[in-house]
Amino acid sequence: MEPLWIAISIVALVVIVVLLLIARGRQYQQPSNLAIVGMCLVVLGIIFGDSRAIGYSLIGVGVLLSVMEAIRNRR
C-alpha cells in the first residue's frame, strides 16, 4: 500500500508544478491576514493530526476562516 501513496504523491507534485508553470505570468492579489491565518491553521491541523480532536479542530477553524475571507472579498 505504501508504494501506492508514494506514486499518488509524486503525481500530485507533478500536477502542482505544471499548474504553477502555466500560471507563472499572471498577477494575483496578495492574500489577506485572515486568509494567511486560515492557511496556517490548516497546516497546523495536518501537523498535529495525530490527536484527532486537535487536528480536525484546527483544520475546521482554518477552513472556516478562509471561506469567510473568500465571501468577504467577493463583495
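Just so we're clear, the structure is a prediction, and the values are computed from it rather than from any experiment.

A. A look at the overall build of the chain. Within the chain, the regular secondary structure consists of three helices and zero strands. In terms of C-alpha radius of gyration, the chain reaches 16 Å, well past the compact-globule figure of 11 Å for 75 residues. Overall, the C-alpha framework of the chain stretches about 45 × 40 × 15 Å when taken along its three principal axes. When contacts within the chain are restricted to residue pairs at least 6 apart in sequence, long-range pairs at least 24 apart make up 40% of them.

B. Spotlight on the pattern of salt bridges. What the rule picks out here adds up to one salt bridge. For Arg72, the salt bridge identified is with Glu69, shortest N-O distance 3.6 Å. In this pair, Arg72 and Glu69 are both assigned in helix α3 (residues 52-74), three residues apart and thus about one turn of the helix distant. A relative accessible area of 3% means that Glu69 is categorised as buried.

C. Up close: a nonpolar patch on the surface. Taken together, the side chains of Ile6, Ile10, Val11, Val14, Val15, Val18, Leu19 and Ile22 make up a nonpolar region of the molecular surface, amounting to roughly 720 Å² of accessible area. The topology assignment puts Val15 in helix α1 (residues 2-22). Its relative accessible area of 44% is what places Val15 among the partly exposed residues.

D. Just the packing of helix α2 (residues 33-47) against α3, in detail. Relative to each other, α2 and α3 sit at 160°, their axes nearing to 7 Å. Relative to α3, α2 is oriented roughly antiparallel. Taken as a pair, α2 and α3 cross one another with a handedness that is left-handed. Judged by residue contacts, Leu34, Ala35, Val37, Gly38, Met39, Leu41, Val42, Leu44, Gly45 and Ile46 of α2 engage Gly55, Leu58, Ile59, Val61, Gly62, Val63, Leu65, Ser66, Glu69 and Arg72 from α3. Taken together, the residues of the contact of α2 with α3 break down into 13 nonpolar, five polar and two charged.

Rules behind the numbers
Residues numbered from 1 in each chain as written. Predicted model: local features only at pLDDT ≥ 70, side-chain atom pairs only at ≥ 80, totals over all residues. Heavy atoms only, no water. Helix = DSSP H or I, 4+ residues; strand = E, 2+ residues; numbered from the N terminus. Rg over C-alpha atoms; globule rule 2.2 N^0.38 Å. Contact = heavy atoms within 4.5 Å. Salt bridge = Lys/Arg side-chain N within 4 Å of Asp/Glu carboxyl O. Buried < 20%, exposed > 50% of the residue type's maximum accessible area, 1.4 Å probe, protein only. Patch = residues over 30% accessible without salt bridge, like charges linked within 9 Å, V, L, I, M, F, W, Y side chains within 5 Å. Areas by Shrake-Rupley, 256 points an atom, 1.4 Å probe, with all protein chains shown as cover. Axes fitted to C-alpha atoms, helices over the stretch in contact; angles between N-to-C directions. Parallel < 35°, antiparallel > 145°, perpendicular 65-115°, else oblique. Left-handed = near helix turned anticlockwise from the far one by under 90°. Nonpolar A, V, L, I, M, F, W, Y, C, P; charged D, E, K, R; others polar.

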